[in-house]
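Okay, here's what each chain looks like letter by letter:
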Amino acid sequence: MAGLVTSFGSGAMTNSIGEIAETKCMLAIGTNTTVAHPVIAVEMKKAVRNGAKLIVANPKEIDLCRAATSFVQQRPGSDVALLMGMARVIVDEGLEDKEFIAERCENFDALKESLEAFDPDTVEKLTGVPKEEVAEAARCFATHKPASIFFAMGITQHTHGTDNVLAVANLAMLTGNVGKTSSGVNPLRGQNNVQGACDMGSLPNVYPGYQKVIDPKIREKFQQAWGCDLSDSVGITHTEIIDAVHDGTIKSLYLIGENPVLSEANASHAEEALKRTDFLVVQDIFLTETAELADVVLPGATFAEKDGTFTNTERRVQRVRKVIEPVGDSKPDWWITCEIAKRMGAAGFDFESPEEIFTEITSLTPSYAGITYERLEGGGLQWPCPSADHPGTPTLHTERFATPSGKGKFMPLEYRPPAELPDDEYPLILTTDRSLFHFHTSTMTRKVAGLEQLDGRERLGINPDDAARLGIADDDTLRVTSRRGEVTVVANVTGACPPGLVSSTFHFAESRMNVLTNPALDPVAKIPETKVCAVRVEKMPGGESGG
């Protein structure tokens, strides 16, 4: 998740799932929680039953709105204006936590100055939310404590995604809702071990445990441990890699568990890039759309076929245990990596088990130092867990923030519109979402016949007013076109989408919605703006329902 590095460290949940039921107020922004994180949604609904307030901020009227105290329906891409507008109300009405700000934070005056640009009338104009509703949400969040914020890729996949997350952090600090049980800033990770992958250094600027590549002492530590020279330069991100492949800077690519032919913004560009490689290796558990383009496919083992650990969205490290032998020629990913390294003549890959690898991880990663397989037999542990007698850390930042001063730093922000707005040629905004029945690019879930029966094709959500204007009825076949390509989908006429907004998932290879999406990047996190792109929608000739 972009942006939290300023005061909050790694971009993980600051608090624990088990704390949600006792919170007094929740702000869920940019997360369709019941669909993408249903277990967490259950805890949020439990909190509501316990008397908590729930504010849902989303361009769509999602299922979670049924449990909400208030629903704030902002325009796509206007999150900074909404969040800073809420902060402006809180400061204007003296509802900020003055003691927390004085003792735990810095740069508050700069934040206050930047809030001058977010007066109620301006915020209403930018977001489309009546200023009274913005003020009501702000007062609710500021006066019901402890309060917690939950967000997902609905606010990060924007050209201002980092600013969105910084605005979330500002709001949490402003109200003193950090470092306390049942409060915090809680990004909900998109897949089951994304947190663990980031923890292990699957980012271009850090080694395991978010230890910076540019720090000479850190680099020397890893050089000594691994017996090799390491670069002092920050690498490039996932999206930048695809661009570098496309322009010929990168000649060969090794993809593990990634399906960019479906998942990448401007997916046709990604597909063309992969076809230009001199040598493409794909390691995955099924023959994905991307694997079909590969020169070599290495069959990886599924979670049920291997031992190891996963780290979930609340920083909880948990054991994964093999229950069946790997099917066919598939092998655990760690074994494949080690075998390739050894056959290339590299030293340091003579591991016999995942536990041996984990032992090395703990020796080099302070936040994991106190975690062992033996301790995990009793259940998961949340990092940081710096020593063998440490119980783990359910709540982060109870005493200090992850900054040099130990104080949370408020960040002044400006509103920036999305990179692509509707016009006469492309008059609607497309945003992407997920289905309860499928997972990301559906590498696994579309192999399940029952799930296919429940949700077996891409459907484009469209408001009844827009549908009537375009002569579209439910189940009509539609052509959706953006500046990057076109796809065919089936209409789902629904009031969940406001006028001017259409919505889809990105699960279906037959309707590759990411062919349409905008690859414009956030300048800091380099995340593409897949949540906002301008499109045109037309009924296909002969595309009437049943026709």
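Note that this is a predicted model, so its numbers are computed, not measured.

All right, on to the packing of aromatic side chains then. Under the definition given, this model contains 7 aromatic pairs. Relative to W383, the ring of Y210 has its centre 6.2 Å away and its plane inclined at 40°; by these criteria the two rings are tilted. Taken together, the residues span a long stretch of sequence, with Y210 in the loop between strand 7 (206-207) and strand 8 (211-212) and W383 in the loop between strand 14 (381-382) and strand 15 (408-409) at a distance of 173 residues. Cluster of aromatic residues (ring-pair linked, three or more members): Y207, F222 and W226. Above the face of the W383 ring, R315 is positioned so that its terminal group lies 5.8 Å from the ring centre. The ring of W335 is capped by K331, whose NZ or CZ atom sits 5.2 Å from the centre of that ring.

The next subject is the sheet that holds strand 11 (residues 296-299). Reading across from one edge, 9-10-11 is the order of the 3 strands in this open sheet, with parallel pairing throughout. The open sheet is flanked by strand 9 (252-256) and strand 11, the only strands paired with a single partner. On average, adjacent strands in this sheet sit at an angle of 10° to one another, irrespective of strand direction. With 5 bridges connecting them, strand 9 and strand 10 (residues 279-284) associate as parallel partners. What sits directly across from Y254, in strand 10, is V281.

Take the sheet that holds strand 16 (residues 428-432) next. An order of 16-20-17-19-18-21 is seen for the 6 strands of this closed barrel, with the pairing classed as mixed. Averaged over all pairs of adjacent strands, the angle between their axes in this sheet comes to 45°, without regard to strand direction. Pairing geometry for strand 17 (residues 459-462) and strand 20 (residues 501-504), over 2 bridges, is antiparallel. Paired with G461 across the two strands is S503, which belongs to strand 20.

The final tally for this structure, using the stated rule, is 31 salt bridges. Across the pair R276 and E272 runs a salt bridge, and its minimum N-O distance is 2.4 Å. Owing to a relative accessible area of 44%, R276 belongs among the partly exposed residues under this scheme. Using a relative accessible area of 35% as the deciding quantity, one classes E272 as partly exposed. Among the ionic pairs, R479 bridges to E538, the shortest N-O distance being 3.7 Å.

Turning next to the environment of N312. By the secondary structure assignment, N312 is in the loop between strand 12 (308-311) and strand 13 (316-320). Sequence separation between N312 and R189 is 123 residues; the distance between their C-alpha atoms is 7.8 Å. Setting aside anything within four residues of it in sequence, one finds N312 in contact with N192, Q195 and Q318. Among the polar contacts made by the side chain of N312, one reaches the main-chain amide nitrogen of R316 at a distance of 3.0 Å.

Every buried residue of helix 5 (residues 108-115) is accounted for by F108, L111, S114 and L115. One side of helix 5 holds all its buried residues, which, seen down the axis, span an arc of 125°. The exposed set on the far side of helix 5, more than 90 degrees from its buried face, consists of D109 and E113. Looking at the buried residues of helix 5, the elements they touch are helix 3 (79-92), helix 4 (98-104), strand 4 (105-106) and helix 9 (161-174).

Look at the link from K145 to P146: it is a cis peptide, with omega at 0°. Tracing the sequence through the fold places P146 in the loop between helix 7 (131-143) and strand 5 (147-151). Within the chain, H397 stands out as a residue other than glycine whose phi angle is a positive 60°. For H397, the location among the structural elements is in the loop between strand 14 and strand 15. The residue D475 is not glycine, and still its phi comes out positive at about 75°. Within the secondary structure layout, D475 lies in the loop between helix 19 (464-469) and strand 18 (477-481). A relative accessible area of 29% places D475 in the partly exposed class.

Turning next to the nonpolar core. With 49 residues, the main nonpolar core has L27, I29, M86, F141 and L174 as its most contacted residues. Of all elements in the fold, only strand 1 (25-29), strand 2 (53-57), helix 3, helix 4, helix 5, helix 7, strand 5 and helix 9 reach the threshold of two or more residues within this core. Top contributing element to this core by residue count: helix 3, with 10 residues. Setting aside anything within four residues of it in sequence, one finds M86 in contact with L27, V134, A137, A138, F141 and L171. If you look at the next biggest cluster of nonpolar residues, it comprises 19 residues, including I472, V489, A491 and L516.

Time to look at the domain arrangement of the protein. Each domain of the protein was delimited in the assignment, giving domain 1 (2-187), domain 2 (191-235 + 300-391), domain 3 (236-299) and domain 4 (428-539). Each of domain 1 and domain 3 has a C-alpha centre, and the two are 36 Å apart.

Right, let's get into the environment of N15. Along the chain, N15 turns up in the segment before strand 1. Contacts of N15, omitting those with residues within four sequence positions, involve K180, T181, S182, S183, G184, N186, E314, R315, P394 and T395. A polar side-chain atom of N15 sits 2.8 Å from a polar atom in the side chain of E19.

A word on helix 2 (residues 38-49). What sets the pattern is the α-helix's 3.6 residues per turn: residues three or four places apart point alike. Under the 1.5 Å per step criterion, the end-to-end length of helix 2 is 16 Å for 12 residues, consistent within 8% with the ideal 16 Å. Along helix 2, the positions that sit buried rather than exposed are I40, A41, E43, M44 and A47. One side of helix 2 carries all its buried residues, which in axial view fall inside an arc of 160°. In helix 2, the exposed positions that point more than 90 degrees away from the buried face belong to V39 and R49.

Reading the values: the criteria
- Within each chain, residues carry numbers counting from 1 in the order of the written sequence.
- Reporting of local features is limited, given that this is a predicted model, to residues whose pLDDT is at least 70; pairs of side-chain atoms are given and counted only at 80 or more, and all residues count toward the totals for whole chains, interfaces and linings.
- Water and hydrogen atoms play no part in the side-chain values, which are based on all heavy atoms of the structure.
- Ring geometry is summarised as follows: Phe, Tyr and Trp rings, the Trp one being its six-membered ring, pair when their centres sit within 6.5 Å, and such pairs are stacked at plane angles under 30 degrees, edge-to-face over 60 and tilted between the two.
- A run of H or I in DSSP counts as a helix once it spans at least four residues, and a run of E counts as a strand once it spans at least two, with each numbered from the N terminus.
- In our convention, an over-ring charge means Lys NZ or Arg CZ found within 6 Å of a ring centre and within 35 degrees of that ring's normal.
- Pairing between two strands is assigned when DSSP locates at least 2 bridges connecting them.
- Each axis is a line fitted through C-alpha atoms, and for a helix only the stretch in contact is used; angles between axes span 0 to 180 degrees, taken between their N-to-C directions.
- We define a salt bridge as a side-chain nitrogen of Lys or Arg found within 4 Å of a carboxyl oxygen belonging to Asp or Glu.
- Per-residue accessibility, obtained with a 1.4 Å probe over protein chains only, is compared with the maximum for each type, and a residue is labelled buried under 20%, exposed over 50%, and partly exposed between these values.
- In this analysis, two residues are considered to be in contact whenever any of their non-hydrogen atoms come within 4.5 Å of each other.
- Identification of polar contacts relies on pairs of N or O atoms within 3.5 Å, with a donor-acceptor requirement for protein atoms, meaning one able to donate a hydrogen and the other able to accept it, and with residues adjacent in sequence counted only if both atoms are side-chain atoms.
- As used here, the arc belongs to the directions running from the helix axis to the C-beta atoms.
- Among the buried residues, those of types Ala, Val, Leu, Ile, Met, Phe, Trp, Tyr and Cys that are joined through side-chain atoms within 4.5 Å form a nonpolar core.
- Source of the domain bounds: an automatic or database domain assignment.
- Expected span of a helix, by definition, is 1.5 Å for each gap between consecutive residues, and there is one gap fewer than residues.

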